[in-house]
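One letter stands for each residue in the lines below.
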Amino acid sequence: MFVPPELKIFGIFVAIFFVFWIGAALFMAIAPYTFWKITQSWKALREPPKAYFVLQRIMGILFATIGISFWIFVWTRG
């Protein structure tokens, strides 16, 4: 089956996007404090409560699950 070059390039961009998406989400789930230090600490006067990091970890797991699901969906459609 012939695949146009435009679709191959689009597939590469999709793969790169999902690698970054899933990588950032897993980093947020594994090390929420470090993720906060990198992304949010510059505008904070003090550290957030522990509940913030628990919620950030849950959101990281959720975003990683969504990213993996979308990636599987995209690759099984083609």
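Above this text sits the structure in question.
Model, not experiment: these values are computed from the prediction.

*Asks:* How should the overall build of the protein chain be read in this particular structure?
*Replies:* If you tally the helices and strands in the protein chain, you get three helices and zero strands. Counted from the first residue to the last, the protein chain has its helices and strands arranged as α-α-α. Taking 78 residues into account, the globule formula puts the C-alpha radius of gyration at 12 Å, and the protein chain, at 17 Å, lies well above it. If you line up the protein chain on its principal axes, its C-alpha atoms span 55 × 20 × 15 Å. Looking at the 78 residues of the protein chain, the share that counts as buried comes to 22%.

*Asks:* Please explain helix α2 (residues 32-39) as it appears in this structure.
*Replies:* Three or four residues apart is the spacing at which side chains of an α-helix point the same way, because the helix has 3.6 residues per turn. Buried residues of α2: Pro32, Phe35 and Trp36, and no others. The arc that holds the buried residues of α2, viewed along the axis, is 100°, so those residues lie on one side. Buried residues in α2 make contact with α1 (5-30) and α3 (50-77).

Reading the values: the criteria
- Residues numbered from 1 in each chain as written.
- Predicted model: local features only at pLDDT ≥ 70, side-chain atom pairs only at ≥ 80, totals over all residues.
- Heavy atoms only, no water.
- Helix = DSSP H or I, 4+ residues; strand = E, 2+ residues; numbered from the N terminus.
- Rg over C-alpha atoms; globule rule 2.2 N^0.38 Å.
- Buried < 20%, exposed > 50% of the residue type's maximum accessible area, 1.4 Å probe, protein only.
- Arc of directions from axis to C-beta.
- Contact = heavy atoms within 4.5 Å.

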